[in-house]
Amino acid sequence: MSQNFGSQHCPEEIKVKKAERRLDIRFEDGAEFQIPAELLRVESPSAEVQGHGPGEKTLVAGRSHVGIIAVEPVGNYAVKIVFDDLHDSGIYTWDYLYWLGASQDQIWREYEAALAAAGLSRHPNATSTQAAAPKQSGCGCGSGGKGGCG
């Protein structure tokens, strides 16, 4: 698989493990990651989650149960993941998936600390509906990277 759109990492294999609620991905350099659906969902590169600029990221709570319905190719550089909570606006580039896989221990620590600081939980029954409501971004578009719209 050739590298496209400035991608430094290209996958050789992507598998959805629905029962385990995760995405297994192996890259050309030999790196292999098992990325939980929950992590993919709460770190979605969509404008809905990341916002349109610095400091606009939404803390997504109550998604410990989320699963993956589908993974759809986006050109030769990314995939769109459809979650069973119907979130589907994130475009996950190969480099973003690689970063999520390689950094997931640190991302989890920061995510859980942010939830605790906000008095929220990963579990839906422990999260108030008002606190869990996502911010409306206004454009409804996905993002091709860590933030922004387009």
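This text follows the structure it describes.
On a predicted model such as this, the values are computed, not experimentally measured, just so you know.

Focus on the overall build of the protein chain
Here is step 1 of the chain: Within the protein chain one finds four helices and six strands.
Here is step 2 of the chain: Moving toward the C terminus, one meets the helices and strands of the protein chain in the order β-β-β-α-α-β-β-β-α-α.
Here is step 3 of the chain: The buried share of the protein chain, reckoned over its 150 residues, is 44%.
Here is step 4 of the chain: For the protein chain, contacts bridging at least 24 residues in sequence account for 52% of all contacts bridging at least 6.

Section: the pattern of salt bridges
Here is step 1 of the chain: Here the structure, examined in full by the defined rule, presents nine salt bridges.
Here is step 2 of the chain: For Arg26, the salt bridge identified is with Glu12, shortest N-O distance 3.3 Å. Residue Arg26 is located in strand β2 (residues 22-27), and its partner Glu12 is located in strand β1 (residues 11-17); the two are separated by 14 residues in the primary sequence.
Here is step 3 of the chain: Residue Lys15 pairs with Glu13 through a salt bridge whose shortest N-O separation is 3.7 Å.
Here is step 4 of the chain: A single network of salt bridges, built from pairs that share partners, joins Glu12, Glu13, Lys15 and Arg26.

Topic: the nonpolar core
Here is step 1 of the chain: In this structure, Leu40, Ile81, Phe83, Tyr92 and Leu97 are the most contacted members of the largest nonpolar core, which totals 30 residues.
Here is step 2 of the chain: Looking at this core, the elements that each hand over two or more residues are β2, β3 (32-36), α1 (37-42), β5 (78-83) and α3 (94-118).
Here is step 3 of the chain: Per-element accounting of this core gives the leading share, nine residues, to α3.

Quick notes on the sheet that holds β5
Here is step 1 of the chain: Pairing is antiparallel in the open sheet, where three strands are placed in the order β4-β5-β6. Each edge of the open sheet carries a strand with a single partner, namely β4 (68-74) and β6 (91-93). In this sheet, adjacent strand axes meet at a mean angle of 30 degrees when their direction is disregarded.
Here is step 2 of the chain: Sheet analysis places β4 next to β5, joined by six bridges and oriented antiparallel. Across the sheet, Pro73 pairs through a bridge with Val79, a residue of β5.
Here is step 3 of the chain: Packed on one face of the sheet, α3 meets β5 and β6 and runs near 80 degrees to β6.

What counts and how
Residues numbered from 1 in each chain as written. Predicted model: local features only at pLDDT ≥ 70, side-chain atom pairs only at ≥ 80, totals over all residues. Heavy atoms only, no water. Helix = DSSP H or I, 4+ residues; strand = E, 2+ residues; numbered from the N terminus. Buried < 20%, exposed > 50% of the residue type's maximum accessible area, 1.4 Å probe, protein only. Contact = heavy atoms within 4.5 Å. Salt bridge = Lys/Arg side-chain N within 4 Å of Asp/Glu carboxyl O. Core = buried A, V, L, I, M, F, W, Y, C linked by side-chain atoms within 4.5 Å. Pairing = 2+ DSSP bridges. Axes fitted to C-alpha atoms, helices over the stretch in contact; angles between N-to-C directions.

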